[in-house]
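Working through the structure, step by step
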There are 2 protein chains.
Amino acid sequence: MEGMSRWSPNARGRLEQAAYELFLDQGYEQTTVADIAKRAGLTERTFFRHYADKREVLFGGSAALRDELLRVLEGLPPALPTIEAVRVAVEAMSSLMNGRRAVARERHRVVAAHADLQERELIKRATLTAALAQALHRRGVPEPTASLAADMGMAVFYVGFGHWLDDPADRELVEIVHEGFDQLKAVASGT
Amino acid sequence: MEGMSRWSPNARGRLEQAAYELFLDQGYEQTTVADIAKRAGLTERTFFRHYADKREVLFGGSAALRDELLRVLEGLPPALPTIEAVRVAVEAMSSLMNGRRAVARERHRVVAAHADLQERELIKRATLTAALAQALHRRGVPEPTASLAADMGMAVFYVGFGHWLDDPADRELVEIVHEGFDQLKAVASGT
DNA sequence: CTCGTGATGGCAGTTACTGACATGAGGATA
DNA sequence: TATCCTCATGTCAGTAACTGCCATCACGAG
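Residue numbers restart at each chain and count upward from 1, following the sequence in its written direction. Lettering of chains starts at A and numbering of ligands starts at 1, both following the order in which they are written. Whole-chain, interface and lining totals are the exception, using all residues; otherwise, since this is a predicted model, local features are given only for residues with pLDDT of at least 70 and side-chain atom pairs are given and counted only at 80 or more. Values shown for side chains rest on all heavy atoms present in the structure; no hydrogens or waters enter the calculation.

1. Observations regarding the overall build of chain A
Secondary structure counts use DSSP, requiring at least four H or I residues in a row for a helix and at least two E residues in a row for a strand, with both numbered from the N terminus. From N to C terminus, chain A includes nine helices and zero strands. Reading the helices (α) and strands (β) of chain A from amino to carboxyl end gives α-α-α-α-α-α-α-α-α. Its C-alpha atoms give chain A principal-axis dimensions of about 55 × 45 × 25 Å. Between buried and exposed lies partly exposed: a residue is buried under 20% and exposed over 50% of the maximum accessible area for its type, with that area taken using a 1.4 Å probe on protein chains only. Taken over 191 residues, chain A has a buried fraction of 48%. By definition in these notes, contact holds between two residues if any of their heavy atoms fall within 4.5 Å. Here the analysis covers contacts within chain A between residues at least 6 apart in sequence; of these, 66% occur between residues at least 24 apart. With the model as given, the accessible surface of chain A reaches about 9800 Å², and the carbon-plus-sulfur share is 53%. When charges are tallied, Lys and Arg are placed among the positive residues and Asp and Glu among the negative ones, while His and the ends of the chain are skipped. To locate a charge, the coordinates of NZ of Lys, CZ of Arg, CG of Asp or CD of Glu are taken. Here chain A holds 24 positive side-chain charges and 27 negative ones, and the gap between their average locations is 5 Å. To be clear on the numbers: accessible area is Shrake-Rupley with a 1.4 Å probe, and residue cover counts the displayed protein chains and nothing else.

2. Quick look at the packing of helix H7 (residues 115-138) of chain A against helix H8 (residues 145-166) of chain A
All names here are of chain A. All axes are obtained by fitting lines to C-alpha atoms, using only the stretch in contact for helices, and the reported angles, taken between N-to-C directions, cover 0 to 180 degrees. Taken N-terminus to C-terminus, the directions of H7 and H8 make an angle of 135°; their axes are 8 Å apart at the nearest point. The angle between H7 and H8 places the two elements in the oblique class. H7 and H8 meet at a crossing whose hand is right-handed. Residues Arg125, Leu128, Thr129, Leu132, Ala133, Leu136 and His137 of H7 touch H8, and the partners they reach there are Ala146, Ser147, Ala149, Ala150, Asp151, Met154, Ala155 and Tyr158. In terms of residue class, the contact of H7 with H8 is built from 10 nonpolar, three polar and two charged. By the definition adopted for this analysis, an angle is roughly parallel if under 35 degrees, roughly antiparallel if over 145, roughly perpendicular if from 65 to 115, and oblique otherwise. Crossing chirality is assigned from the near helix's rotation relative to the far helix, an anticlockwise turn below a right angle marking it left-handed and a clockwise turn marking it right-handed. Amino acids outside the nonpolar list (Ala, Val, Leu, Ile, Met, Phe, Trp, Tyr, Cys, Pro) and the charged list (Asp, Glu, Lys, Arg) are all regarded as polar, and Gly is one of them.

3. Observations regarding the confidence of the model for chain A
All names here are of chain A. What pLDDT reports is the predictor's confidence in each residue, on a scale of 0 through 100. Model confidence for chain A is summarised by a mean pLDDT of 93, while 97% of its residues fall at 70 or above. Element-level pLDDT for chain A is lowest in helix H9 (residues 173-188), with a mean of 93, against a maximum mean of 98 in helix H2 (residues 33-39). Confidence drops under pLDDT 50 across residues 1-5; counting only partners more than four residues distant or on other chains, this segment forms one contact.

4. Section: the layout of surface pockets
Empty space among the atoms becomes apparent when a probe as large as a water molecule is rolled across them. All names here are of chain B. Both cavities and pockets are sets of points on a 1 Å grid over the protein atoms alone; in a cavity a 1.4 Å probe fits but cannot get out, in a pocket the set is open with protein on both sides within 12 Å along at least five of seven lines, and lining residues sit with an atom within 4 Å of a point. Grid points are joined across faces, edges and corners, and a volume is the space filled by probe spheres set on the points. Size it by volume and the second largest pocket reaches roughly 700 Å³. At the level of elements, helix H1 (11-26), helix H4 (62-74), helix H6 (101-112), helix H7 (115-138) and helix H8 (145-166) are the ones that each hand at least two residues to the lining of the second largest pocket. For the lining of the second largest pocket, the per-class residue count stands at 13 nonpolar, five polar and six charged.

Structure representation (structure tokens):
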């Protein structure tokens, strides 16, 4: 039952590793799924058993973000104003990126260069946003407030993320996101 | 120079029309590009000369939205607070949907049923958001305020759009969006 | 020892999409 | 009128993403 892998272990991880290496080395478009599978010591058919499509191999980490976002939100006192709850949860999610800016930059370079991958990134964001909106709804926040608050929270996160990648200083993402919420309030209040 | 079409006129329009008919009749996945071209009296190769890919045929209208959004924004007095400028422009864009709810619903049904199409819709939204942010920047709004304001404006639009489609009453989208901006301000101020 | 399970390989097929070249209608020009 | 030129379209071959189906084979359970 806990017997782990019967073949070479961690096939999925090997595929992801091989994909990253090839994408960075020779580009995303120039890399075929057969190439990736070969480097991982597997076949193309097996790749598609682990990842729904070629793009998905770059988005394995998105589940962790969602889990942290929802986990933290669940533990927050119900009395907390919506925007503050969103802020705490999004900041917790942001802290998962601590110390990973170099990796994030490399990955972002690949994604930014291909419309295909940007589309996938956007749907991951939308999924995250929807999950947040639904969680807020469970907290008792009515629609469309829940959706708007979720959208605002994710906007602060992603806008901050973009600036974090470019930031010449070494500030952590959490810090940038924290300030982002202050700016959000300022903008919305008409300053 | 103004000689118009030398072959059967409006090839692009015929392709779009054929695509809509087939998508609604037999589904998006079940329709091949060859099917669409055949119904339009053209070949598959010609389809790809008019549309970059199969999905794009469903997104011909997005350019009009962007044009209206930017056109209205350009004409606004510079003194107007950012959020109010965004509000006016987004409401103008929303009014383009006046009386088109039935069509919008049909199209939305197709798009909602296929992850591929949702991805494309999201990147159109992102493009629109980026264009708005850039236009705000030209108005003198600094970053990241411009990006945040653009994101908020588009969030209000799309959240409102979703509710408009479901709304049992016959309110126009502009009206819903207008109220959305009020709610946005309320949420952001911590109510 | 046998049998079942589950991850993998092998393979054929479909379809989206691309590059290269051919065709032919109509307008411009001599 | 005759000739050329442009450009939307047709034709065709090719690539690569993805899928369905069946075979294989290591390992654990009995």
